[in-house]
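Overview (structure and organization)
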Amino acid sequence: MPISYKPLRTAESSGAQRLLTTSLVIATLLLFSTSTDGQNTLAPQTGEHPNIWKIAFDRTRVRSSLSFQAILTDIYVMNSDGSHEQKLTHTGLCHRPNWSPDGSQMLFVCLNDNSELPTLPGSDEPDQEIGVTDSTGQNPRLLKPGVKMFGGPSWLPNGKTIAFGNVRYGNTGHKMSVSDRSIYTMTVDGAEPPHSILKGASVADWSPDGRKLAYVAYRNNKENPSIYVANADGSDEHLLTDPKIRAYSLSWSPDSRKIAYARWHGNRRTIGVTDLQGGQFEELTPRNLDAFGPEWSQDGRRIAFSAFRSERTQVFLINADRTGLRQLSNEKEKDCEHPSWSPDGSQIVFECHSRMFYGPLLMNLPSILLGPMRTVPPAAQIYLTDVNAPNALPVQLTHTGGSNPRFYPVPVSSKEVAGY
């Protein structure tokens, strides 16, 4: 069933100004070539893997008018063998899907199409709202935070509350700092209005057991971000990482006992693990990699991450005991990142994209000046690999664009999968 939002005007029926508006907010999503060096471009057949899962993702497309081109993005769901693809949103204004812990609902970010976007770099970000729907795209609605939001919303473990970042802008010329950011929470049903639980913090993540909260802040050093841990309500804060070393990009272990994060060594980042008391940092990744974005497997035995090597970003895998380092992607002309684990830990899905993209100012140009660039292929493509098969090559699941892939968090029946 197509999603239609009463508060949102349909992007297809908008004029050149709306197309331009959409292009500005989604212009951070990239438009790329479709090279697939070193990877299998054929989608797997049903039954090739013992389990088939759902994957949510967003897709970017180009929409042209007589005067302008716009980049439109919507949310999709497909099976992990590339079958039963379904479009969940139809406004061209939504991206960043995020399943609830039990898989019953999905969050995503939507541009408020009543907002007027600036055309100059450095101006305020556009107004964004939080979309929520059930897992099949039914009963969609918009949550209005009532404050400026940055980043994407996330779920608390209870599946009833969500968190998002708020950014406060000053007057023209105001240099924004982390002190201008706060973490807000609100209930999905609207019973609890948005309220701030942390000031001067960003990138908050609740522990899987729901008892603790970890986040990035600049409490002790205005130059270096540090990771802090507090109770779930933001109380009893304590410093987890060395304030002399820049630390960020955190991920909780499934048992809520450890945190993996990236920290800087000179001009490179390494990923390591520490306990909740901020004990010894157990470095996992070699220092010849510039590593970031750790993602624990559900059994806590492995960590997927992205790393910069040979002028490209690739997806890697390592065991939590520092053994078994493995490069999963092997693109020569693209960067690969955003790994997501399947519920049973046997597969990882990720996106690969090139660095060629349209910037906001380019999207302001009349289409007659864009010439042949009007036919540039769509954004990133989505790949999947079997991590239990050491020599398996990644398989390309999408061929008409796909980014920000997220596996459905819990196992589903074969009947539910077939329904997609």
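In what follows, the structure referred to is the one given above.
Note that the structure is a prediction, hence the values are computed from the model and not measured.

About the thresholds
Residues numbered from 1 in each chain as written. Predicted model: local features only at pLDDT ≥ 70, side-chain atom pairs only at ≥ 80, totals over all residues. Heavy atoms only, no water. Buried < 20%, exposed > 50% of the residue type's maximum accessible area, 1.4 Å probe, protein only. Helix = DSSP H or I, 4+ residues; strand = E, 2+ residues; numbered from the N terminus. Pairing = 2+ DSSP bridges. Axes fitted to C-alpha atoms, helices over the stretch in contact; angles between N-to-C directions. Disulfide = S-S within 2.5 Å.

**What to know about the pairing of strand β6 (residues 128-134)**
- Along β6, 7 of the 7 residues are buried, which leaves the element largely enclosed by surrounding structure.
- Summarising the sheet, β6 and strand β7 (residues 141-143) pair through 3 bridges and their orientation is antiparallel. In the strand pairing of β7, V132 is matched with R141.
- In this structure, the hairpin formed by β6 and β7 is closed by a connection of 6 residues, where G137 is found at a positive phi of approximately 90°.

**Considerations on the sheet that holds strand β4 (residues 94-99)**
- Spatially, the 4 strands line up as an open sheet ordered β4-β5-β6-β7, and their pairing is antiparallel. The outermost strands of the open sheet, each flanked by one partner alone, are β4 and β7. Pairs of neighbouring strands in the sheet enclose a mean axial angle of 30°, with direction left out of account.
- Where β4 meets strand β5 (residues 105-111), 4 bridges bridge the pair, whose relative direction is antiparallel. What sits directly across from C94, in β5, is C110.

**Digging into the state of the cysteines**
- All chains considered together, the criterion is met by 2 disulfides.
- A disulfide bridge connects C336 with C352, and the sulfur atoms are separated by 2.1 Å. Looking along the S-S bond of the C336-C352 disulfide, the torsion reads about 105°, which is the right-handed sense. Of this pair, C336 sits in strand β24 (residues 335-341) while C352 is found in strand β25 (residues 347-353), placing the two residues 16 residues apart along the sequence.
- Owing to a relative accessible area of 0%, C352 belongs among the buried residues under this scheme.
- Once the bonded cysteines of the chain are numbered in order along the sequence, the disulfide links fall as 1-2, 3-4.

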